[in-house]
Amino acid sequence: MEITVNQRDDSKVAVITSDQLVISNINDALDVMMNAKYQGCDKILLRKENITEDFFELKTKLAGEILQKYTNYRARLAIVGDFSGYTSKSLNDFIYECNQGDKVLFKKTEAEALDELHRIPSAW
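Residues numbered from 1 in each chain as written. Predicted model: local features only at pLDDT ≥ 70, side-chain atom pairs only at ≥ 80, totals over all residues. Heavy atoms only, no water.

### Focus: the side chain of Lys 43
One can find Lys 43 in strand β3 (residues 43-47). No salt bridge is formed by the buried Lys 43; its nearest oppositely charged neighbour, Asp 42, is found at 5.2 Å. Engagement of the side chain of Lys 43 in a polar contact is seen with the backbone oxygen of Leu 117, the distance being 3.1 Å. Those residues in contact with Lys 43 that lie beyond four places of it in its chain are Ser 11, Lys 12, Val 13, Ala 14, Arg 76, Leu 117, His 118, Ile 120, Pro 121 and Ser 122. (Helix = DSSP H or I, 4+ residues; strand = E, 2+ residues; numbered from the N terminus. Buried < 20%, exposed > 50% of the residue type's maximum accessible area, 1.4 Å probe, protein only. Lys, Arg positive; Asp, Glu negative; His and termini not counted. Salt bridge = Lys/Arg side-chain N within 4 Å of Asp/Glu carboxyl O. Polar contact = N/O pair within 3.5 Å; in protein donor to acceptor, adjacent residues only side chain to side chain. Contact = heavy atoms within 4.5 Å.)

Spelled out as structure tokens, the structure:
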């Protein structure tokens, strides 16, 4: 896993890159968040393919647990990828609702995600 910091003015986003899974469970998600905070970032951009598919299967409750931890620790998260292949109505509703707020975003491109994250004020 590699973290690069994308900065615009006072806004910093930790961009996570890896060619393998980064988040397989709640502890992995906390590690990513803490590594980003160590870099001075409370906003994180992560690619869909770096998250276990269990995250996108809402009945596993992994998404809820991870997002609750991120909310509690005031971290913002953007997940980038193509979500059109998911046919679950509940997941699509979940993605829609998340995109109405500013805590968790599901975006198609990294550029969209960065623009959104940089618009959100830092939680610190």
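### As for the nonpolar core
Taken as a class, soluble globular proteins show a tendency for nonpolar side chains to be buried jointly. Among the nonpolar cores identified, the biggest contains 29 residues, and Phe 55, Phe 56, Tyr 70 and Phe 106 are the most heavily contacted of them. At the level of secondary structure, the elements contributing two or more residues to this core comprise β2 (11-17), α1 (26-38), β3, α2 (62-72), β4 (76-80), α3 (89-100) and β5 (104-107). Broken down by element, this core gets its largest block of residues, five residues, from α2. Residues within four places of Tyr 70 in sequence aside, it is in contact with Ile 23, Ala 29, Val 32, Met 33, Ile 44, Ala 75 and Leu 77. Within the second largest apolar cluster, 10 residues are counted, among which are Val 15, Leu 45, Ala 113 and Ile 120. (Core = buried A, V, L, I, M, F, W, Y, C linked by side-chain atoms within 4.5 Å.)

### Regarding the sheet that holds β2
With mixed pairing, five strands are arranged side by side in an open sheet as β1-β2-β3-β4-β5. Every other strand in the sheet has two partners, leaving β1 (2-8) and β5 as the edge strands with one partner each. The average undirected angle you get between the axes of adjacent strands in this sheet is 20 degrees. Strand direction decides the pairing type here: β4 and β5, joined by four bridges, are parallel. Paired with Leu 77 across the strands is Val 104, a residue of β5. (Pairing = 2+ DSSP bridges. Axes fitted to C-alpha atoms, helices over the stretch in contact; angles between N-to-C directions.)

### Overview of the pattern of salt bridges
On inspection of all chains with the given rule, the structure shows six salt bridges. For Asp 82, the salt bridge is made with Lys 108, and the minimal N-O distance between the two is 3.7 Å. Here Asp 82, found in the loop between β4 and α3, pairs with Lys 108, found in the loop between β5 and α4 (110-119); they are 26 residues apart in sequence, far enough to count as distant. Residue class for Asp 82 comes out partly exposed when judged on its relative accessible area of 42%. Here Arg 119 makes a salt bridge to Glu 116, at a shortest N to O gap of 2.8 Å.

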